[in-house]
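Report on the structure
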Amino acid sequence: MRIQRFLSIHKRFAAVFVAAILVLSICSCMGQNERPPELSVDGKTEYPLTVSFLNVGKADCILLETPSGCAMIDTGHNGDGDDIVQLLSSKGIEKIDFLVITHFDKDHVGGADAVLKSFPVEKIYEPDYTSETKQTAQYRKAIPETTEVVLLSENVSFKLDGIDYAIDVGSGVYGEKNLDNNSSLVVTATCGEISFLFTGDAEKERLLEMLYEDFPKCAVLKVPHHGQAAKYLRNFIDKISPSVAVITSEDSQPEDASVVSELENAGAMVYLTRQGRVTVTTDGKGIHCLQEAGTAP
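What you see is a predicted model, and the numbers here were worked out from it, not measured in a lab.

Within this structure, the stated rule accounts for 9 aromatic pairs. Aromatic side chains Phe53 and Phe198 sit 6.1 Å apart centroid to centroid with 35° between the ring planes, which places their arrangement in the tilted category. Of the two residues, Phe53 sits in strand 5 (residues 49-53) while Phe198 sits in strand 14 (residues 194-198), which places them 145 residues apart along the sequence. The residues Phe53 and Phe198 share a single accessibility class, namely buried. Pairing Phe98 with Tyr125 gives two aromatic rings, centres 5.9 Å apart and planes at 80°, and the pair type is edge-to-face. One end of the pair, Phe98, is in strand 8 (residues 96-100); the other, Tyr125, is in strand 9 (residues 121-127), with 27 residues separating them in the sequence. The exposure class of Tyr125 is buried, given its relative accessible area of 4%. The rings of Phe98, Tyr125, Phe158 and Tyr165 are connected pair by pair, giving a single aromatic cluster.

Dropping the structure here:
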């Protein structure tokens, strides 16, 4: 394992429509009334960027696909690993360009060992703090020598397959109680005019920090910490002004209703992964959202 530190969407169709709406919740956003233009790559229909928020309970696992690449942010719980691997295989994915482990809580790093044992991963980005949990140990043991592990202590940005990525690290000054969540790597993925913001489990201390940082307004927000209420969250929502917000929660541990209200009052359309996988496609100018009810992951 090589480790590097960076200091840097007629009457005869009515019945079909009604049946479909019971299964899929589909929306077009930001003035786009049709699906984005499609690209044909080796006879396969593709979009410049497809982001899937998997239904893995109160946990994060996000898949980013481009015509010739694939990245992941977090890997759900330990028990989600096999299902994630099966989904990736069903999509024909053969390798992962990079994996971001936002932080080492078991609901973010749990399935990493299964993914690493099933697919070559070129590079892993992790926060630079110490974790001694069982899930972290399993993850580390599964990292092959050929995978580069980057411990981030400073922000980093790069471009891959036409997508601009930026990873923001926290100050680290949070106290032991909130160190894991606030140490979450915060990832921005920008395709043309459309930005996605993935905020891990950032809590009030990190949210306050981010209010003073230069984050762009975003089309899609992965809501921090599974939609739990937090001081400064409304301020942060106002700052980045999302059109779509995705909350990763589960029926037994739902998101806070106040957070959903704050997002809706700010003009965002809210999706809950506990109601099924959420997939957002973009052509760099508009977005198209689709939710598949009951899908897992």
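Right, picking up where we left off after that structure.
On to the environment of Ser183. Tracing the sequence through the fold places Ser183 in the loop between helix 6 (179-182) and strand 13 (186-191). Accessibility expressed as a relative area gives 9% for Ser183, which makes it buried. In sequence terms Ser183 and Arg206 are 23 residues apart; their C-alpha atoms lie 7.9 Å from each other. Residues contacting Ser183, with those up to four places away along its chain left out, are Thr102, Pro127, Tyr129, Tyr174 and Arg206. A distance of 2.6 Å separates the side chain of Ser183 from the backbone oxygen of Leu179, its partner in a polar contact.

The next thing to look at is the side chain of Thr66. You can see Thr66 is positioned in strand 6 (residues 62-66). One polar contact links Thr66 to Asp161, side chain to side chain, over a distance of 2.4 Å. Ignoring anything within four residues of it in the chain, the contact list for Thr66 reads Tyr47, Pro48, Leu49, Asp161 and Ile163.

With that settled, consider the packing of helix 8 (residues 233-240) against helix 9 (residues 257-265). The axes of two packed helices give the description: the angle between them and the distance between them. Taken N-terminus to C-terminus, the directions of helix 8 and helix 9 make an angle of 25°; their axes are 10 Å apart at the nearest point. As far as their axial angle goes, helix 9 and helix 8 are roughly parallel. Relative to helix 9, helix 8 is oriented so that their crossing is right-handed. Each of Leu233, Arg234 and Ile237 in helix 8 lies in contact with helix 9, whose residues at this interface are Val259, Glu262, Leu263 and Asn265. Here the residues of the contact of helix 8 with helix 9 sort into 4 nonpolar, 1 polar and 2 charged.

Counted according to the given criterion, the structure contains 12 salt bridges. When the shortest N-O distance is used, the salt bridge between Glu148 and Lys123 registers 3.8 Å. Highlighted residues: Glu148 in strand 10 (residues 148-152) and Lys123 in strand 9, separated in sequence by 25 residues. Exposure class is identical for Glu148 and Lys123. Each is buried. Here Arg206 and Asp168 are joined by a salt bridge, their closest N and O atoms 3.0 Å apart. Taken as a pair, Arg206 in helix 7 (residues 204-211) and Asp168 in strand 12 (residues 163-168) lie far apart in primary sequence, 38 residues in all. For Arg206, a relative accessible area of 0% puts it in the buried group. Exposure remark for Asp168: the relative accessible area of 6% places this residue in the buried category. Taken together, the salt bridges that share partners define one network made up of Asp168, Arg206 and Glu209.

A few words now on unusual backbone geometry. Cis peptide bonds are those with omega within 30 degrees of zero, and the linkage from Ala296 to Pro297 qualifies with 0°. Here Pro297 lies in the segment after strand 19 (287-293). Even without a glycine there, the phi angle at Asp74 is positive, about 65°. Mapping Asp74 onto the fold places it in the loop between strand 7 (69-73) and helix 2 (81-90). On the basis of relative accessibility, which here comes to 0%, the residue Asp74 falls in the buried class. Of note, the phi angle at His226 is positive, near 60°, even though the residue is not glycine. Here His226 shows up in the loop between strand 15 (220-222) and helix 8. You can call His226 buried: its relative accessible area is 2%.

This paragraph deals with the nonpolar core. One broad trend across soluble globular proteins is that nonpolar side chains are buried collectively. Core analysis: the biggest nonpolar cluster contains 33 residues, and Phe53, Leu64, Tyr125, Phe196, Phe198 and Val220 have the highest contact counts within it. Look past the residues within four positions of Tyr125 in its chain and what remains in contact with it is Phe98, Leu99, Val100, Ile101, Val150, Leu152, Val156, Phe158, Ile167 and Leu185. Val56, Ile93, Ala112 and Val149 belong to the second-largest nonpolar core, a separate cluster that totals 32 residues.

Analysis parameters
- Sequence order sets the numbering: in each chain, residues are counted from 1 along the sequence as written.
- Side-chain atom pairs in this predicted model are given and counted only at pLDDT of 80 or more, local residue features only at pLDDT of at least 70, and totals for whole chains, interfaces and linings cover all residues.
- The basis for every side-chain value is the complete set of heavy atoms in the structure, and neither hydrogens nor water enter the calculation.
- Each Phe, Tyr or Trp ring, with Trp reduced to its six-membered ring, pairs with another whose centre is within 6.5 Å; inter-plane angles below 30 degrees give stacked pairs, above 60 give edge-to-face pairs, and intermediate values give tilted ones.
- Here a helix means four or more residues in a row that DSSP labels H or I, a strand means two or more in a row labelled E, and each is numbered from the N terminus.
- To sort residues, take the accessible area from a 1.4 Å probe on protein chains only and compare it with the maximum for the residue type: under 20% means buried, over 50% means exposed, and anything in between is partly exposed.
- When checking whether two residues touch, look at their non-hydrogen atoms; a contact exists if any pair is within 4.5 Å.
- Definition of a polar contact: a pair of N or O atoms within 3.5 Å, with one able to donate and the other able to accept a hydrogen when the atoms are protein atoms, and with sequence-neighbouring residues admitted only if both atoms are side-chain atoms.
- Angular values range over 0 to 180 degrees, each being the angle between N-to-C directions of two axes fitted as lines to C-alpha atoms, with helices fitted over their stretch in contact.
- Orientation categories follow fixed angle ranges, with anything under 35 degrees roughly parallel, anything over 145 roughly antiparallel, 65 to 115 roughly perpendicular, and all other angles oblique.
- Handedness of each helix crossing follows the sense of rotation of the near helix against the far helix: counterclockwise by less than a right angle gives left-handed, clockwise gives right-handed.
- Note that Gly is not counted as nonpolar here; it falls among the polar residues with everything else outside the nonpolar set of Ala, Val, Leu, Ile, Met, Phe, Trp, Tyr, Cys and Pro and the charged set of Asp, Glu, Lys and Arg.
- Salt bridge, as used here: a side-chain nitrogen of Lys or Arg that lies within 4 Å of a carboxyl oxygen of Asp or Glu.
- In plain words, nonpolar cores are sets of buried Ala, Val, Leu, Ile, Met, Phe, Trp, Tyr and Cys residues tied together by side-chain atoms within 4.5 Å.

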